[in-house]
Every structure is written in structure tokens, then in C-alpha cells.
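Structural features, examined
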Amino acid sequence: MMEKKIFTVNGMKCEHCKANVESAIKSLSGVASAAASLDDKSVTVEYDASAVGPEAIKGAVDASGRYELEL
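This report concerns the structure included in the present document.

The rules behind each value
Residues numbered from 1 in each chain as written. Predicted model: local features only at pLDDT ≥ 70, side-chain atom pairs only at ≥ 80, totals over all residues. Heavy atoms only, no water. Helix = DSSP H or I, 4+ residues; strand = E, 2+ residues; numbered from the N terminus. Expected span 1.5 Å × (residues − 1). Buried < 20%, exposed > 50% of the residue type's maximum accessible area, 1.4 Å probe, protein only. Arc of directions from axis to C-beta. Contact = heavy atoms within 4.5 Å. Core = buried A, V, L, I, M, F, W, Y, C linked by side-chain atoms within 4.5 Å.

**So, helix 1 (residues 15–26)**
The end-to-end C-alpha distance of helix 1 is 16 Å, a good match for the 16 Å that 12 residues give at a rise of 1.5 Å each. Those residues of helix 1 not exposed but buried are Cys-17, Val-21, Glu-22, Ala-24 and Ile-25. Take helix 1 and look down its axis: the buried residues cluster within an arc of 160°, on one side only. Pointing more than 90 degrees away from the buried face of helix 1 are the exposed residues Glu-15 and His-16. Those residues of helix 1 that are buried lie in contact with strand 1 (2–10), strand 2 (31–37), strand 3 (42–48) and helix 2 (54–63).

**Focus: helix 2**
When we look at burial in helix 2, the residues that qualify are Pro-54, Ile-57, Ala-60 and Val-61. For helix 2, the arc enclosing every buried residue in end-on projection is 125°, short of the 170-degree limit, so these residues lie on one face. Projecting away from the buried face of helix 2 at angles above 90 degrees are the exposed residues Glu-55 and Ala-63. A positive phi of about 160° marks Gly-65, the residue just after helix 2.

**What about the nonpolar core?**
One finds Val-9, Met-12, Val-21, Ile-25, Val-43, Val-45 and Ile-57 to be the most contacted residues of the largest nonpolar core, which totals 18 residues. Every element with two or more residues in this core is listed here: strand 1, helix 1, strand 2, strand 3 and helix 2. Residues within four places of Ile-57 in sequence aside, it is in contact with Phe-7, Ile-25, Leu-28, Val-45, Tyr-47, Val-52 and Leu-69.

Right, here's the structure in full:
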């Protein structure tokens, strides 16, 4: 079942940061899309809840640089 959630991401300051966050999330199996917003300091993620969960998404973002995804 596909889910779509918006997560707050701390630490994104530029287009490079945005691309890093999106890339980290998209690398996870089960993620259909990830679109980060510098203005809102958030990322909208569409994912298969049976394949990946918010904790895995947070782990990928937190490990990708100086970013922290809030659950």
C-alpha cells in the first residue's frame, strides 16, 4: 500500500543539501518518490509501507550528511 508523508528535515540549506536528502531517500527499496523543499524545510515521500517505513527513511537521511529528519 502506497503512503505519502511530509517530514520535516533540519539542516538543509542549499540545492546541494536538497539533492543529497532526495537521493538518500530514493536509494531505499520501496520509495516511489522524494521531493524536498528548502522553503518548507521538508521532504514529501511516497513509499510502499509494506517495504519501507519512516524509521528507515529517517536513518537514510540522518546518515547522508548534516541533516536530521523528524518523525
